[in-house]
Amino acid sequence: MLVIPCPHCGPRGEIEFSYGGQAHIARPKDPEKVSDAEWADYVFLRDNTKGVFLERWCHVHGCRRWFNVARNTVTYEILAAYDAGAKPPKLDYETQV
Amino acid sequence: MIESYLRQSPLAHLALAAHGPGSGKPAGVHMAERPFPGLVNLRGPGDNANFHGAFKAAAGYDLPVEAGATAGSANTTALWLGPGEWLILDARGGPKSGPRIAESLRAALAGISAAVTDISESRACIRISGAKARAVLQKGCPLDFHPRHFAQGQCAQSVLARAAILLHMTPDETAADGPAFDVYVARSFAEYTWRWLEDAAREFGVARGER
Ligand SMILES: [Zn+2]
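All residue numbers here refer to positions counted from 1 along the written sequence of the relevant chain. Chain letters start at A and ligand numbers start at 1, both assigned in the order the entries are written. Only residues with pLDDT of at least 70 are given local features in this predicted model, and only at 80 or more are side-chain atom pairs given and counted; all residues enter the totals for whole chains, interfaces and linings. Side-chain measures were taken over the full set of non-hydrogen atoms in the model, leaving aside hydrogen atoms and water.

## Quick notes on the overall build of chain A
Here is step 1: Per the secondary structure count, chain A includes one helix and six strands.
Here is step 2: Segments assigned H or I by DSSP are reported as helices when at least four residues long, segments assigned E as strands when at least two residues long, and all are numbered from the N terminus. When the helices and strands of chain A are read in sequence order from the N terminus, they spell out β-β-β-α-β-β-β.
Here is step 3: Oriented by its inertia axes, the alpha-carbon framework of chain A measures out at about 45 × 35 × 20 Å.
Here is step 4: Type-normalised accessible area, obtained with a 1.4 Å probe on protein chains alone, sets the label of each residue: buried when under 20%, exposed when over 50%, and partly exposed for intermediate values. Burial statistics for chain A: of 97 residues in total, 33% are counted as buried.
Here is step 5: A fraction of 48% describes how many contacts in chain A between residues 6 or more apart in sequence connect residues 24 or more apart.
Here is step 6: Charge-centre separation for chain A: the mean point of 12 positive side chains lies 6 Å from the mean point of 13 negative side chains. Whether two residues touch is decided by their heavy atoms; if any such pair falls within 4.5 Å, the residues are in contact. For the charge count, each Lys or Arg is scored as positive and each Asp or Glu as negative, with His and the chain ends excluded. Charged side chains are reduced to one point each, which is NZ for Lys, CZ for Arg, CG for Asp and CD for Glu.

Below is the structure:
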């Protein structure tokens with residue numbers, strides 16, 4: 001089980017959380033103006049990163065708040081946790097793989 | 001609202017008061033239902049001094065702002081649930097305590113952007129105490145129950161055997177009796193949670209009732 005550092009509650013077991021997929025996916029500002037391909041990219045297509053990945057988690061059985069995590073998908077090491085809506089912290093993404 | 005003479009606590013159908021006291025051997029764990037706690041969910045702007053001031057003027061104490069912290073008076077206790085969210089409770093309040101707490105908070109917070117919701121009927125409260133209470137909870141909950149990590153007066157929301165719970169380590173037990181926890185669980189999970197706890201505690205000896 002991962003130990004995930006909730007920014008509000010502190011480190012908790014993974015079983016208390018639910019996963020929300022890739023973080024920082026911005027909804028197109030003018031949905032009616034984008035092509036079907038661009039819309040499909042927004043709705044369906046996600047990165048499959050080997051290395052540091054920015055992802056969303058929700059502490060559903062704790063404070064019930066959404067937040068973001070930087071996790072290495074190779075080692076499962078969690079490098080940072082930060083509030084939803086905040087910018088990702090500066091990390092050396094290349095050497096973390 | 002339900003007629004008060006029809007109202008039953010979530011575990012009333014188990015007729016716990018009619019059960020025998022246990023094997024007679026010293027029990028490592030004591031279990032009891034605490035019926036009809038008054039529970040009011042409070043949400044408000046945690047960064048607003050007026051909000052905190054208005055609460056303190058009504059309740060007589062400051063809302064806790066640290067994760068897992070609690071605060072209280074002789075009348076109510078406030079449990080930190082998340083940023084800007086608290087549970088104001090009166091564990092022994094009786095069926096009318098929820099509406100009473102909610103009314104006084106609504107009056108105190110008039111004009112402030114806050115939500116006060118009486119949720120008393122939605123939860124069951126199970127008191128588990130005794131020398132082995134920590135060991136029993138540890139079987140089904142990912143929190144660390146070592147006294148260094150979970151101390152008197154602390155609260156946490158987590159899962160117990162996959163059921164969502166709110167745990168409150170109450171400050172009103174003496175060290176000699178062992179720790180005492182109030183487990184709040186959704187009413188529909190009350191019997192499941194009771195039976196799971198009872199089974200997990202069996203190896204230590206269970207006595208029904210509060211010590
Ligand atoms: Zn949390």
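## Some details on the sheet that holds strand β4 (residues 52-58) of chain A
All names here are of chain A.
Here is step 1: Here four strands make up an open sheet; going across it, the order is β3-β4-β5-β6 and the pairing antiparallel. Here the strands that pair on one side only, and so sit at the sheet edges, are β3 (18-22) and β6 (78-83). Across the sheet, the axes of successive neighbouring strands diverge by a mean angle of 30°, strand direction being ignored.
Here is step 2: Strands were regarded as paired on the criterion that DSSP finds at least two bridges between them. By the bridge criterion, three bridges tie β3 to β4 in an arrangement that is antiparallel. In the strand pairing of β4, Y19 is matched with W57. All axes are obtained by fitting lines to C-alpha atoms, using only the stretch in contact for helices, and the reported angles, taken between N-to-C directions, cover 0 to 180 degrees.

## Brief notes about the coordination of the zinc ion
Coordination angles at a metal have ideal targets, namely 109.5 degrees for four tetrahedral donors and 90 or 180 degrees for six octahedral donors.
Residues and elements named next belong to chain A.
Here is step 1: Only N, O and S atoms count as donors, using a 2.8 Å limit from the metal and a wider 3.2 Å limit for Na, K and Ca, and since water is excluded some coordination spheres may look unfilled. Those protein atoms acting as donors to the zinc ion are C6 (SG), C9 (SG), H59 (ND1) and C63 (SG), and they sit at 2.0 to 2.4 Å.
Here is step 2: Here the zinc ion is ringed by four donor atoms whose angles at the metal span 103 to 119°, and the overall shape comes out tetrahedral.
Here is step 3: Each donor residue of the zinc ion lies on the same chain, and together they follow the pattern C-x2-C-x49-H-x3-C. Square planar and octahedral assignments, for four and six donors respectively, both demand that opposite donors be over 155 degrees apart and that all other angles lie between 65 and 115; tetrahedral needs four donors with all angles between 85 and 135 degrees, and anything else is irregular.

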